[in-house]
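Examination of the molecular architecture
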Amino acid sequence: ADLGSIQALFDLGNAYRQGYGVQQDMAKAAEFYEKAAMQGHIESRCNLGCSEGQKQEHDRAVRHFMISAKMGDKDSVENIKKLVG
């Protein structure tokens with residue numbers, strides 16, 4: 001995954017988030033989502049927003065959602081609406 005498959009980074013993030021085949025580790029999940037998001041993976045960016053929202057880091061969550069929304073992610077638009085009420 002370090003060599004660059006964006007989808008592989010996203011999949012590893014999901015595996016760590018869900019504890020699928022590995023010990024569940026939200027910090028590692030965020031790390032892989034961040035790597036994928038930095039390469040333009042929209043769903044990873046949205047997942048980072050969700051992760052920040054769960055930690056009550058609403059400003060950071062909205063920033064992630066804004067980036068993915070600008071890239072066309074409709075879920076991010078809905079998540080922004082929920083956070084800002």
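The structure under discussion appears in the preceding block.
On a predicted model such as this, the values are computed, not experimentally measured, just so you know.

1. Focus: the side chain of Asn47
One can find Asn47 in helix α3 (residues 42-54). Among all residues touching Asn47, those that are not within four sequence positions of it are Phe10, Asn14, Arg17 and Tyr33.

2. Examining helix α5 (residues 74-84)
Along α5, the residues classified as buried are Ser76, Asn79 and Ile80. The buried side chains of α5 occupy one side of the element, clustering within an arc of 105° when seen end-on. Residues Lys74, Asp75 and Lys82 are exposed on α5 and point more than 90 degrees away from its buried face. Of the surrounding secondary structure, the elements contacted by the buried residues of α5 are α3 and α4 (58-70). Downstream of α5 by a residue or two, Gly85 has a phi angle that is positive, lying close to 70°.

3. Overview of the pattern of salt bridges
Counting across every chain of the model gives 3 salt bridges. We note a salt bridge from Glu52 to Arg60, for which the minimum N-O separation is 3.3 Å. Owing to a relative accessible area of 40%, Arg60 belongs among the partly exposed residues under this scheme. Among the ionic pairs, Glu78 bridges to Lys81, the shortest N-O distance being 3.4 Å. On the criterion of helical spacing, the pair formed by Glu78 and Lys81 is a turn pair, its members being 3 residues apart in helix α5. Beyond isolated ion pairs, a larger network of salt bridges with shared partners links Glu52, Lys55 and Arg60.

4. Structural notes on the packing of aromatic side chains
Aromatic rings considered in pairs are described by the distance between their centres and by the relative angle of their planes. Considering all chains together, one arrives at 2 aromatic pairs under this definition. A centroid spacing of 5.9 Å and a plane angle of 40° characterise the contact between Phe10 and Tyr33, whose relative ring orientation is tilted. Placement of the pair is Phe10 in helix α1 (residues 6-18) and Tyr33 in helix α2 (residues 26-38), with a sequence separation of 23 residues. Classification of Tyr33 by relative accessible area gives buried; the value is 3%. For the pair Tyr16 and Phe32, a centre-to-centre distance of 5.7 Å together with 10° between the ring planes defines the contact as stacked. Residue Tyr16 is located in helix α1, and its partner Phe32 is located in helix α2; the two are separated by 16 residues in the primary sequence. For the pair formed by Tyr16 and Phe32, the shared burial category is buried.

Rules used in this analysis
- Residues numbered from 1 in each chain as written.
- Predicted model: local features only at pLDDT ≥ 70, side-chain atom pairs only at ≥ 80, totals over all residues.
- Heavy atoms only, no water.
- Helix = DSSP H or I, 4+ residues; strand = E, 2+ residues; numbered from the N terminus.
- Contact = heavy atoms within 4.5 Å.
- Buried < 20%, exposed > 50% of the residue type's maximum accessible area, 1.4 Å probe, protein only.
- Arc of directions from axis to C-beta.
- Salt bridge = Lys/Arg side-chain N within 4 Å of Asp/Glu carboxyl O.
- Phe/Tyr/Trp six-rings, centres within 6.5 Å; stacked < 30°, edge-to-face > 60°.

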